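# Structure assessment
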Amino acid sequence: MTGVSIVVPTYREAQSLPHLIERIGRLRADSGLDLELLVVDDDSQDGTVELVAARSDPWLRLVLRKENRGLSPAVVEGLHHATGEFLVVMDADLSHPPERIPDLIEALRGGFDLVVGSRYVEGGTTADDWGFLRWLNSRIATALARPFTSIRDPMSGFFGLHRSTFERADALDPVGYKIALELIVKCRCERVGEVPIHFENRRYGESKLTIHEQLRYLQHLRRLAIYRFGVWPWLARFLAVGAFGTAVNLTVLTALLRAGLAAPLGLAGGIGISMLGNLALTGYPSHVPATALRRRSFVRSSGIGALVNLGTALLTLRFVPTLPIAAAALLGIAVGGIVNLSVNRFLAFRERHVRPRQPG
Ligand SMILES: Nc1nc2c(ncn2[C@@H]2O[C@H](COP(=O)(O)OP(=O)(O)OP(=O)(O)O)[C@@H](O)[C@H]2O)c(=O)[nH]1
Ligand SMILES: [Mg+2]
């Protein structure tokens, strides 16, 4: 059995791959670790297949996938092909330093179930040119994962785990990018460790992390919450959605104000985008009867909540002009949220008389 299997999902990474293979080859020689590298490619058609085939290294394997494209399914498939006692997952774009793999393995040998290469523990760093919005985005995504794990960097795509940990995974069902979080939850990891890494920006090729993928993270969180907490109590759900909406609202407001927009437009933009985000998060199950009624109820209650929110924030700024705009926005969110909650409950109550609510 190979000691350590490194699974690297790739989609159009032919420029980065030779550098990564080179560095892993050097690590193999220097560390004495018995490493195998599995490149799991989603039929990139950019020369990846030829590039791997042209190398004679016996420790290098290609897993070529032609269906069900996606980062997480590729990683899961790669992990199933891996033969090592220790499994490591990392990106191909040279963001993650393979030289830190021995640290991951040492921590796993020390008793952790799963260990991530972390940007946010002491000694961990990110490239200097991470802009404010990217930093904030990463921090918000991390905060949203807090109910599932207390580690600082659960968003990391660089991590290691024992084969035995992976083998006890309940049905893996990740959508989007956060496969480490999925494994932490579904493998019921109790001891999760972090080793500091320096995270580099990608040098070659393009990022595949689209807005669409980021929205899928919300769907993923929802699935994990249902898995972990069973029935998602209604109020907890309302609060979680509210916390998310608040984070989106303030982020958009900050960005619009920085771009030079006046306060009313910034406030309206923040409210509008956060409403769309909440809709993406909660979704409306189209298979449920009375959908049109429920959708109308939703639009009505959030529309009223949004107007109250905006009105409260604008009136507050008018009467207390020295107040920071973000504070007025928060007050608006609180008042709008309460109104939204009340209208929602009232409409939901009425709806129950129309037709019983179906599960889902
Ligand atoms: N097999 C496979 N790999 C993928 C897919 N999407 C992304 N990847 C790989 O997953 C890794 C992470 O993707 P990135 O585009 O670097 O995402 P990111 O690191 O969050 O974003 P950047 O920091 O902008 O690079 C890279 O090695 C990609 O090639 C996919 O659909 N299939
Ligand atoms: Mg990357």
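Please read these numbers as outputs of a predicted model, since none were measured by experiment.

A word on the overall build of the chain. Each helix and strand in the chain was counted, giving 12 helices and 9 strands. For the chain, the residues scored as buried account for 46% of the 360 residues in total. By sequence separation, contacts in the chain at least 24 residues apart represent 75% of the contacts at least 6 residues apart. Carbon and sulfur atoms make up 58% of the accessible area of the chain, which amounts to about 17900 Å² in all.

Taken as a whole and judged by the stated rule, the model has 0 aromatic pairs. Against the face of Tyr120 rests Arg139, its NZ or CZ located 4.0 Å from the ring centre.

Now for the site of ligand 1. Around ligand 1 sit 19 residues, and of these Glu13, Asp93, Arg202, Ser207 and Lys208 come closest. Contact distances for ligand 1 include 2.9 Å between an oxygen atom and a backbone N or O atom of Pro9. Glu13 has a polar side-chain atom sitting 2.6 Å from an oxygen atom of ligand 1. Burial of ligand 1 by the surrounding chains reaches 92%, relative to a free accessible area of 630 Å². For the shell around ligand 1, the elements supplying multiple residues, two or more each, are strand S1 (4–10) and helix H3 (71–81). Considered class by class, the residues forming the shell around ligand 1 number 8 nonpolar, 3 polar and 8 charged.

The next subject is the pattern of salt bridges. A side chain with one charge can pair with a side chain of the opposite charge if their charged atoms come near. This model, assessed by the stated rule, comprises 18 salt bridges. For the salt bridge of Glu182 with Lys186, the shortest nitrogen-to-oxygen distance reads 2.9 Å. Of this pair, Glu182 and Lys186 both sit in helix H7 (residues 179–186), separated by 4 residues, roughly a single helical turn. Each member of the pair Glu182 and Lys186 is classed as buried. Among the charged side chains, a network of salt bridges with common partners joins Glu13, Asp93 and Arg202.

Another aspect to go through is the side chain of Asn201. With respect to the secondary-structure elements, Asn201 resides in the loop between strand S9 (198–199) and helix H8 (211–229). Residue classification places Asn201 among the buried positions, given a relative accessible area of 18%. Apart from the residues within four sequence positions on either side, Asn201 is in contact with Ser95, Ala127, Asp129, Trp130 and Arg134.

All right, on to the packing of H7 against H8 then. Remark: H7 packs on H8, axes separated minimally by 11 Å, with the N-to-C direction vectors making an angle of 5 degrees. One finds that H7 runs roughly parallel with respect to H8. The residues of H8 that touch H7, namely those facing Leu181, Glu182, Val185 and Lys186, are Tyr217, His220, Leu221, Leu224, Tyr227 and Arg228. Here the contact of H7 with H8 is composed, by residue class, of 6 nonpolar, 1 polar and 3 charged.

Turning to the confidence of the model for the chain, a few remarks are in order. Taken residue by residue, the chain gives an average pLDDT of 86. The fraction at 70 or more is 89%. Overall, residues 285–290 carries pLDDT values under 50, and its contacts beyond four positions in sequence, including any with other chains, amount to 9 contacts. Residue range residues 348–360 is modelled with pLDDT below 50. Its contacts to residues more than four positions away, or to other chains, number 13 contacts.

This part is about the sheet that holds strand S7 (residues 159–162). Judged by pairing direction, the sheet is mixed, and its 7 strands sit side by side in the order S3-S2-S1-S4-S7-S5-S8 without closing on themselves. On the outer flanks of this sheet lie strand S3 (60–64) and strand S8 (192–196), each paired with one strand and no other. Averaged over all pairs of adjacent strands, the angle between their axes in this sheet comes to 20 degrees, without regard to strand direction. Where strand S4 (residues 86–89) lies against S7, 4 bridges are found, and the strand directions are antiparallel. Within S7, the position partnered with Val88 by the bridge is Gly160. Contacting S1, strand S2 (35–41), S3 and S4, H3 crosses the sheet at an angle of about 155 degrees to S1.

Next up on the list: the nonpolar core. By size, the foremost hydrophobic cluster in this structure holds 30 residues, and its most contacted members are Val4, Ile6, Leu37 and Ile101. Once residues within four sequence positions are removed from consideration, Ile101 is found in contact with Val4, Ile6, Leu27, Val88, Met90 and Phe158. Leu79, Ala82, Leu87 and Phe166 belong to the second largest nonpolar core, which has 24 residues in total.

Procedures and definitions
In every chain, residue numbers begin from 1 and rise along the written sequence. As they are written, the chains are lettered A onward and the ligands numbered 1 onward, keeping that order. Since the coordinates come from a predicted model, pLDDT governs what is reported: local features require at least 70, and pairs of side-chain atoms require 80 or more to be given and counted, while whole-chain, interface and lining totals use all residues. Each side-chain value is derived from all of the structure's non-hydrogen atoms; neither hydrogens nor water enter the calculation. Numbering of helices and strands runs from the N terminus; a helix is a DSSP stretch of H or I covering at least four residues, while a strand is a stretch of E covering at least two. Burial here depends on accessible area, computed with a 1.4 Å probe over protein chains only, as a share of the maximum for the residue type. Under 20% is buried, over 50% is exposed, and the range in between is partly exposed. Contacts are assigned to residue pairs with any non-hydrogen atoms lying within 4.5 Å of each other. For the accessible areas, the method is Shrake-Rupley and the probe is 1.4 Å, while residue cover comes only from the protein chains on display. Geometry of aromatic contacts follows a simple scheme: Phe, Tyr and Trp rings, the Trp one being its six-membered ring, pair when their centres are within 6.5 Å, and the pair is stacked under 30 degrees between planes, edge-to-face over 60, tilted otherwise. Distance and angle both matter: a charge sits over a ring if NZ of Lys or CZ of Arg is within 6 Å of the ring centre and within 35 degrees of the ring normal. Nearness is defined per residue: one heavy atom within 4 Å of the molecule or strand is enough. We define a polar contact as two N or O atoms separated by no more than 3.5 Å, with the added condition that, inside protein, one atom must be a possible hydrogen donor and the other a possible acceptor, whereas residues neighbouring each other in sequence contribute only through side-chain atom pairs. Under the convention adopted here, Pro, Cys and the residues Ala, Val, Leu, Ile, Met, Phe, Trp and Tyr are nonpolar, Asp, Glu, Lys and Arg are charged, and Gly plus all remaining residues are polar. Here, a salt bridge means any Lys or Arg side-chain nitrogen found within 4 Å of an Asp or Glu carboxyl oxygen. The axes are straight lines fitted to the C-alpha atoms, using for helices just the contacting stretch, and the angles between their N-to-C directions are given from 0 to 180°. Relative orientations are named as follows: roughly parallel for angles under 35 degrees, roughly antiparallel for angles over 145 degrees, roughly perpendicular for angles from 65 to 115 degrees, and oblique for any other angle. Values of pLDDT, which run from 0 to 100, indicate the predictor's confidence residue by residue. Paired strands, as defined in this entry, are two strands with at least two bridges between them according to DSSP. Residues grouped as a nonpolar core are buried Ala, Val, Leu, Ile, Met, Phe, Trp, Tyr and Cys residues, joined through side-chain atoms within 4.5 Å.

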